[in-house]
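This is what each chain is made of:
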Amino acid sequence: MTDKLSQLKTMTDVVADTGDIEAIRRYTPIDATTNPSLLLKAAALPHYQTLLQSAKARAASETGSRSEQLAACCDYFAIGVGQEILSIVPGRVSTEVDARLSFDSNATKNRARRLIALYEEAGIAKDRILIKIASTWEGIRAAQQLEQEGIQCNLTLLFGFEQAQACADAGVFLISPFVGRILDWHKAQRELSISSGKDDPGVQSVERIYNYYKQHGYQTVIMGASFRNVGEIEALAGCDRLTISPALLEVLANDTDELPQQLSPAGASSDDAKNVLNESNFRLGVNEDAMATEKLAEGIRNFIADQKRLERLIESL
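What you see is a predicted model; the values in this text were computed from it and never measured. (Residues numbered from 1 in each chain as written. Predicted model: local features only at pLDDT ≥ 70, side-chain atom pairs only at ≥ 80, totals over all residues. Heavy atoms only, no water.)

> So what exactly am I meant to see when it comes to the side chain of Thr 95 here?
Within the fold, Thr 95 resides in strand E3 (residues 93–96). A distance of 2.6 Å separates the side chain of Thr 95 from the side chain of Tyr 119, its partner in a polar contact. With sequence-adjacent residues up to four places away left out, Thr 95 is seen in contact with Thr 34, Ala 78, Leu 115, Tyr 119, Leu 130, Ile 131 and Lys 132. (Helix = DSSP H or I, 4+ residues; strand = E, 2+ residues; numbered from the N terminus. Polar contact = N/O pair within 3.5 Å; in protein donor to acceptor, adjacent residues only side chain to side chain. Contact = heavy atoms within 4.5 Å.)

Structure (structure tokens):
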């Protein structure tokens, strides 16, 4: 029997949830994802110090305020990390728009276009990039326009079913439901009895979205993210994509037990009727879901905090 990671790759596209180049080389994912938290970790690695200094020097040579130069430096660093990742993975890298723009559609679109332009300047075609945007109403509307321009998007910080519905109707390329953070919220509310991955509320959320998309013919890719344990990953074997941290990739690579497929388009069935949400229905639905409301707000705050930490690190160089 081959290891579980190899088995998983036969039924699901495996994506590395890291900017660690050595980990990406070791586990040979098809794609890789980054975000402000991962870029902050990458900035602390010796491997990236030259790139960080180069990004800072380039930003400092440009006109603009201190905040504009810091934002530019972070973009240059993200693009540099993305370039290096793309020299290893055969597919795409996800690069995130500044989370401070999560409630501004126009600013999100402009930043996304800038990131794509920087990649193209570096010789990277836009079909190898996914622009990560928070799954707010404003973010989803921005992504809808960007998709029409040929800029494909990864809608992140997705916790609630209404977010998934709106993303699919907007025609976004990919969504990233955060499995582990959903579990975190439920564990904080009450004592949970989880005997298998199927009992995990984060897994159940992704299963519901998967079945809804397949039942109603949506082409949006579902990529489970933010895993807390391998049981969650195993329960979603067969999902379109899964983005997995190096620590959990290692656990899967060292386990040679059988990994059964759990999800497949042929076996998908949903009791949720197709429902196209307008803005008021979207906002009401998310508001009625305390978990989605709280985790979305927390996720945006945390990404902003890590973005600011990265900027402080750059200033200290």
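> Please explain the pairing of strand E7 (residues 221–224) as it appears in this structure.
The two faces of the sheet receive side chains in turn, since in a regular strand these alternate between them. Taking every second residue as pointing to the same face, both faces of E7 are buried, with Val 221 and Met 223 on one and Ile 222 and Gly 224 on the other. With 2 bridges joining them, strand E6 (residues 174–177) and E7 adopt parallel strand pairing. Residue pairing in the sheet places Ile 175 in a bridge with Ile 222 of E7. Sheet analysis places E7 next to strand E8 (residues 241–244), joined by 2 bridges and oriented parallel. When the sheet's bridge partners are listed, Met 223 is paired in E8 with Arg 241. Tracing the backbone out of E7, into helix H11 (residues 230–235) and back to the parallel element E8 gives a crossover that is right-handed. (Buried < 20%, exposed > 50% of the residue type's maximum accessible area, 1.4 Å probe, protein only. Pairing = 2+ DSSP bridges. Right-handed = clockwise from strand over helix to strand, strands pointing away.)

> Which parts of the structure should I look at to understand the nonpolar core?
Among soluble globular proteins, nonpolar side chains are generally buried collectively. Core analysis: the largest hydrophobic core is formed by 86 residues, its most contacted members being Leu 8, Ile 175, Tyr 213 and Ile 244. For this core, the element with the most residues is helix H5 (residues 66–86), which contributes 11 residues. Setting aside residues up to four positions removed in sequence, Leu 8 forms contacts with Val 14, Ile 233, Ala 237, Leu 242, Ile 244, Leu 252 and Leu 259. By size, the runner-up hydrophobic cluster in this structure holds 14 residues, among which are Ala 134, Phe 159, Leu 296 and Ile 300. (Core = buried A, V, L, I, M, F, W, Y, C linked by side-chain atoms within 4.5 Å.)

> Looking at this structure, I do not really get the packing of aromatic side chains. What am I missing?
When we look at a pair of aromatic rings, we describe it by the centre distance and by the angle of the planes. As enumerated under the stated definition, the model contains 7 aromatic pairs in all. Consider the rings of Tyr 48 and Phe 77, whose centres lie 6.1 Å apart with planes at 85°: the pair is edge-to-face. With Tyr 48 in the loop between helix H3 (36–43) and helix H4 (49–60) and Phe 77 in helix H5, this pair connects stretches of sequence that are 29 residues apart. A relative accessible area of 0% places Phe 77 in the buried class. Both rings, one in Tyr 213 and one in Tyr 218, keep their centres 5.6 Å apart while their planes meet at 55°; by these two values the pair is tilted. (Phe/Tyr/Trp six-rings, centres within 6.5 Å; stacked < 30°, edge-to-face > 60°.)

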